[in-house]
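Given next are the chains, with one letter for each unit.
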Amino acid sequence: MSFLLPKLTSKKEVDQAIKSTAEKVLVLRFGRDEDPVCLQLDDILSKTSSDLSKMATIYLVDVDQTPVYTQYFDISYIPSTVFFFNGQHMKVDYGSPDHTKFVGSFKTKQDFIDLIEVIYRGAMRGKLIVQSPIDPKNIPKYDLLYQDI
């Protein structure tokens, strides 16, 4: 399903998307098109993109083509999903140590829709971090990897 969503293939394109997406949540899925978990997430993203079109814009970003952002967001597991609003990085408290990105695939379409709605409402009120509405059982668990320490 990843062919249904627009792709950003360079740092310049990602920068432009961050700068130009206004009054909507910008969803950047970092991963690889051939990865099975990325394909599972892409299926959820593509099926919800039209329902969320008034409050979110979704792009796929290949981790191999944008190493600057892959390193900046410390993307060591794929897929990782990062959220912005009016050029501002939105953080979400998932009950895990990392609030900068969602790692893994969402269990259901409704989990993703609920998260976008919470980020959108929070951002419209000026918040930079919001509480995740997703049931903790549905949030993938992983260990943070600290590289080059």
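Preceding this section is the structure that the text describes.
All of the points below concern the structure found in this document. Quantities reported herein were computed from a predicted structural model and do not represent experimental measurements.

What counts, and at which threshold
Residues numbered from 1 in each chain as written. Predicted model: local features only at pLDDT ≥ 70, side-chain atom pairs only at ≥ 80, totals over all residues. Heavy atoms only, no water. Phe/Tyr/Trp six-rings, centres within 6.5 Å; stacked < 30°, edge-to-face > 60°. Helix = DSSP H or I, 4+ residues; strand = E, 2+ residues; numbered from the N terminus. Buried < 20%, exposed > 50% of the residue type's maximum accessible area, 1.4 Å probe, protein only. Arc of directions from axis to C-beta. Contact = heavy atoms within 4.5 Å. Salt bridge = Lys/Arg side-chain N within 4 Å of Asp/Glu carboxyl O.

**Digging into the packing of aromatic side chains**
Throughout the structure, instances matching the rule amount to eight aromatic pairs. Taken together, a centroid distance of 6.1 Å and an interplanar angle of 80 degrees make the contact between F85 and Y120 edge-to-face. Placement of F85 in strand β4 (residues 80-85) and of Y120 in helix α4 (residues 109-124) is noted, with a sequence separation of 35 residues between them. One aromatic cluster in this structure is built from F30, Y69, Y72, F73 and F84.

**Focus on helix α1 (residues 11-20)**
Residues lying three or four places apart along an α-helix face the same way, a consequence of the helix completing one turn every 3.6 residues. Every buried residue of α1 is accounted for by V14, D15, A17 and I18. Looking straight down α1, one finds that the buried residues subtend no more than 160 degrees of arc, so they occupy a single side. Set apart from the buried face of α1 by more than 90 degrees, the exposed residues are K12 and K19.

**A short note on the side chain of T81**
The topology assignment puts T81 in strand β4. Taking the relative accessible area as the measure of exposure, T81 reaches 0% and is therefore buried. Other than its neighbours up to four places away in sequence, T81 contacts V27, L28, R29, L41, K101, F102 and F106.

**Overview of the pattern of salt bridges**
Inspection of the entire model under this criterion finds six salt bridges. In this structure, D33 and R29 form a salt bridge, with 3.7 Å as the shortest nitrogen-oxygen distance. Taking the shortest distance from any N to any O, the salt bridge between D42 and R29 comes out at 2.8 Å. Here the residue D42 occupies a position in helix α2 (residues 36-49), and R29 occupies one in strand β2 (residues 25-31), the gap between them amounting to 13 residues. A relative accessible area of 0% places D42 in the buried class. Within this structure, K7, R29, D33 and D42 form a network of salt bridges that share partners.

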